[in-house]
Amino acid sequence: DGGITQSPKYLFRKEGQNVTLSCEQNLNHDAMYWYRQDPGQGLRLIYYSQIVNDFQKGDIAEGYSVSREKKESFPLTVTSAQKNPTAFYLCASSMSQVLVFGQGTRLTVV
Amino acid sequence: KNQVEQSPQSLIILEGKNCTLQCNYTVSPFSNLRWYKQDTGRGPVSLTIMTFSENTKSNGRYTATLDADTKQSSLHITASQLSDSASYICVVRANTGGFKTIFGAGTRLFVKA
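Just so it is clear, the model here is predicted, and its values are computed rather than measured.

1. Quick word on the overall build of chain A
Here's step 1: A count of helices and strands for chain A gives zero helices and eleven strands.
Here's step 2: Ordering the α and β elements of chain A from the N terminus gives β-β-β-β-β-β-β-β-β-β-β.
Here's step 3: The C-alpha radius of gyration of chain A comes to 13 Å, within 12% of the 13 Å expected for a compact globule of 110 residues.
Here's step 4: Counting only C-alpha atoms and orienting by the principal axes, one finds that chain A spans roughly 35 × 25 × 25 Å.

Right, dumping it as structure tokens:
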């Protein structure tokens with residue numbers, strides 16, 4: 001079955017550490033996105049990529065980095081510069097107008 | 001400012017009852033509006049997508065309406081089931097040269113037996 005796989009589902013990080021969230025898709029979609037979801041707020045765009053080897057900052061890119069070396073993969077690194085990283089992170093892809101989301105990774109800083 | 005406002009924030013209904021969720025937006029120029037269902041701890045799943053010319057679209061027990069003049073949309077759920085308990089997110093895409101999609105904060109629906 002085609003879809004988006006995010007891993008891990010739960011992630012714990014100590015303050016000051018970088019951590020990388022995985023996102024893989026087998027839908028052959030060109031565009032991929034990373035969103036952050038916090039309670040009581042709409043999803044906010046961190047980074048997006050419309051083609052391999054190219055990506056753009058979203059609304060809240062500070063403290064995050066991404067790469068797009070392969071069409072299928074769009075990993076997100078949460079760096080120590082992100083001051084409030086505890087959140088639910090969602091990866092998505094799209095071919096046309098509809099976003100297809102992964103199951104999310106819940107990151108907790110301990 | 002492009003915004004999407006949803007109401008109510010949360011809603012509790014009895015199984016079998018109907019309910020309606022509201023979405024007001026100020027996004028311009030408008031491209032399309034989508035409703036997503038998000039189960040707790042999972043990713044959102046698309047329910048409907050509506051363009052400017054569409055007034056009503058159904059997906060099983062879910063019916064979405066769109067009034068582009070008043071910039072309002074609603075999602076009506078008929079004969080609710082326990083599995084309808086989830087967050088429902090209204091998403092509006094702007095018709096700009098770049099990528100601009102604005103998400104509402106969602107309505108949390110609880111269906112009780």
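2. A closer look at the sheet that holds strand β6 (residues 56-59) of chain B
Hydrogen bonds between backbone groups are what pair the strands of a sheet, and the pairing can be parallel or antiparallel.
Residues and elements named next belong to chain B.
Here's step 1: In space, the five strands of this open sheet follow the order β1-β3-β8-β7-β6, with antiparallel pairing throughout. Edge positions in the sheet fall to β1 (4-7) and β6, since each of these pairs with one other strand and no more. Looking at each pair of strands side by side, their axes are set apart by 15 degrees on average, direction ignored.
Here's step 2: Where β6 and strand β7 (residues 62-67) come together, four bridges link them in antiparallel fashion. By the bridge assignment, T56 is partnered in β7 with T65.

The rules we used
- Residues numbered from 1 in each chain as written.
- Chains lettered and ligands numbered in written order.
- Predicted model: local features only at pLDDT ≥ 70, side-chain atom pairs only at ≥ 80, totals over all residues.
- Heavy atoms only, no water.
- Helix = DSSP H or I, 4+ residues; strand = E, 2+ residues; numbered from the N terminus.
- Rg over C-alpha atoms; globule rule 2.2 N^0.38 Å.
- Pairing = 2+ DSSP bridges.
- Axes fitted to C-alpha atoms, helices over the stretch in contact; angles between N-to-C directions.

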